[in-house]
Amino acid sequence: MPDIAIRYKQNPLLSPKDLEPSTENMIIECLLNPGVFEFNGKTGLLVRVAERTVQKEGVMSVPIYNDSGKVEILDFNLNDPKLDASDARVISYDGTDYLTTISHLRLLFSDDGITFKEDKNYPSLFGEGDYESYGIEDCRVSQIEDTYYLTYTMVSPNGVGVGLRTTKDWKNFEKKGMIFSPHNKDCAIFEEKINGKYYALHRPSSPELGGNYIWISESPDSVHWGNHKCIAKTRKGKFDSKRLGAGAAPIKTEKGWLEIYHGATEANRYCLGAILLDLADPSIVVARSEAPIMEPIATYEKTGFFGNVVFTNGHIVDGDTIKMYYGASDEHVCLANFSINDILKSLGQ
C-alpha cells in the first residue's frame, strides 16, 4: 500500500534556525516531535528543542538542569583519564553518563496552523529536579474538559520515565511527578474517560525478556495507573520489527479508537502505522496496519540530524481530516494531512 499522507508543500514548517537558543551558552541542534493542542482559537505546538553547549578548546562541556530548571554546564578536561567521550551522544565520566544535548519544551502559537511564533507571555518548560536533570522530551497533550494533560519523557541518571503536568491556561502548571517509572515513554492519555476511568497508552522497555511494545493501562485519577495490558508487539519483517510506541491521544471514530503509532526497524527507520481499538474496551485490538500509512520518503525526512525518521505525537482533528504535525529526521517540524476514512479503509474497516 502506498504512503497515504498528504504532505504540506512548504515543509518543513520549523527548523533549528527559526528559534533562538534558551541561553547564550547554548546552540539549538534540532527541533523534534511537538505536542499539539487548540487554545483560544489558535493552534499550539509544544516543540521539543534539543540544545548543546558552546564548546571550548580542550574541554568537553555538557548541560544539566538544576532543581530550579536552570541550565548548569559541567566542564570535563579532554585529557582526563576518567572521561570517555567516544560517543557523540553520551559521554561517561567516572562511571556516570551524561547527555551531550539537553531538551526542553518550547510553546509556539499559530492563527492559521502553518506559521508559528513564540509568545513571551507563555513560558517554556524545562526539566526540574533529580528526575528531569537531563531534560524533558516528546510531550503529548490531551485535553479533557478544560484541563490539558501533558505527558512527557523525563530523562536523568536514574533512567527514562513518564512525567505529568497539567494546565488550564498554559501559564500555570501543576506538576504531578513521575507516573510511569523507568524505563517508559510514549505515553498518550485518551481524551475522555471510559466507564469512569482514565486510559493511557505507554511503552515500557524490556530488552532482556519481551521488547518495546505498546501497553494500555487505566487510572481513577490520571496519576495512579494499573491493570496494565500489552496490546501491540513488534512484528518480524515489518516496518515495526524492532520497536513501536504510541503517537498522540487516540481519535474516537464510529469504528473504534484510532491510534497512529510509530514503528522502527533494526536499521532505525521510523514509519507510522495505525491501530484500531474497541470503543468500550480499548485493550482489544480490532485492526492494525500491515504496511505503513507514512514512511520517510521526502528529502527532509530521509536526511538530517538522524535520517529516515517520521515521528508524531501531535495532531488536530477537523471532521475527516487529521492535521498531523510530526518530526522529520530528528531535526525539523513538518505537517501532513490524513483522511480518517482512508486510514480506516487501509485497516479493512
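One can find the structure itself at the top, above this paragraph.
None of these values were measured; they are calculated from a predicted model.

### Things to note about the sheet that holds strand 3 (residues 42-53)
Thought 1: Overall, antiparallel pairing links the 3 strands, which are arranged 2-3-9 in an open sheet. For this open sheet the edge positions go to strand 2 (26-39) and strand 9 (101-110), each flanked by a neighbour on one side alone. Sheet twist, expressed as the mean angle between neighbouring strand axes with direction ignored, is 20°.
Thought 2: Looking at chain direction, strand 3 and strand 9 are connected through 10 bridges and run antiparallel. Within the sheet, the bridge partner assigned to Leu 46 lies in strand 9 and is Leu 107.

### Description of the side chain of Ser 219
Thought 1: Its location among the elements puts Ser 219 in strand 16 (residues 214-219).
Thought 2: In this structure Ser 219 comes out as buried when scored by relative accessible area, which is 1%.
Thought 3: Among the polar contacts made by the side chain of Ser 219, one reaches the side chain of Asp 221 at a distance of 3.1 Å.
Thought 4: Excluding residues within four positions of it along the chain, Ser 219 makes contact with Lys 197, Tyr 198, His 224 and Trp 225.

### Considerations on the pairing of strand 23 (residues 310-318)
Thought 1: Summarising burial for strand 23: 7 of the 9 residues are buried, a large majority.
Thought 2: The antiparallel pairing of strand 23 with strand 24 (residues 321-328) creates a hairpin that spans 2 residues between the two strands, and Gly 319 there sits at a positive phi of about 65°.

### Points about the environment of Thr 167
Thought 1: Tracing the backbone through its elements, the reader meets Thr 167 in strand 12 (residues 159-167).
Thought 2: Here Thr 167 falls in the buried class, since its relative accessible area comes to 2%.
Thought 3: Those residues in contact with Thr 167 that sit more than four places away from it in its chain are Asp 146, Thr 147, Tyr 148, Leu 150, Asn 172 and Phe 173.
Thought 4: A polar contact of 3.3 Å, which involves the side chain of Thr 167, links it to the backbone nitrogen of Asp 169.

### Some remarks on the pattern of salt bridges
Thought 1: With the rule as written, the count across this model stands at 22 salt bridges.
Thought 2: Across the pair Glu 137 and Arg 48 runs a salt bridge, and its minimum N-O distance is 3.4 Å. Linking Glu 137 in strand 10 (residues 136-144) with Arg 48 in strand 3, this pair joins segments that are 89 residues apart in sequence. In this pair, the class of Glu 137 matches that of Arg 48, namely buried.
Thought 3: Across the salt bridge formed by Glu 192 and Lys 252, the nearest N and O atoms sit 3.0 Å from each other. Remark: Lys 252 occurs in strand 19 (residues 251-252) and Glu 192 occurs in the loop between strand 14 (184-189) and strand 15 (198-204); sequence separation between them is 60 residues.
Thought 4: By relative accessible area, which is 48% here, Lys 252 ends up partly exposed.

Rules used in this analysis
- Residues numbered from 1 in each chain as written.
- Predicted model: local features only at pLDDT ≥ 70, side-chain atom pairs only at ≥ 80, totals over all residues.
- Heavy atoms only, no water.
- Pairing = 2+ DSSP bridges.
- Helix = DSSP H or I, 4+ residues; strand = E, 2+ residues; numbered from the N terminus.
- Axes fitted to C-alpha atoms, helices over the stretch in contact; angles between N-to-C directions.
- Buried < 20%, exposed > 50% of the residue type's maximum accessible area, 1.4 Å probe, protein only.
- Polar contact = N/O pair within 3.5 Å; in protein donor to acceptor, adjacent residues only side chain to side chain.
- Contact = heavy atoms within 4.5 Å.
- Salt bridge = Lys/Arg side-chain N within 4 Å of Asp/Glu carboxyl O.

Just distances and angles here, no functional claims.
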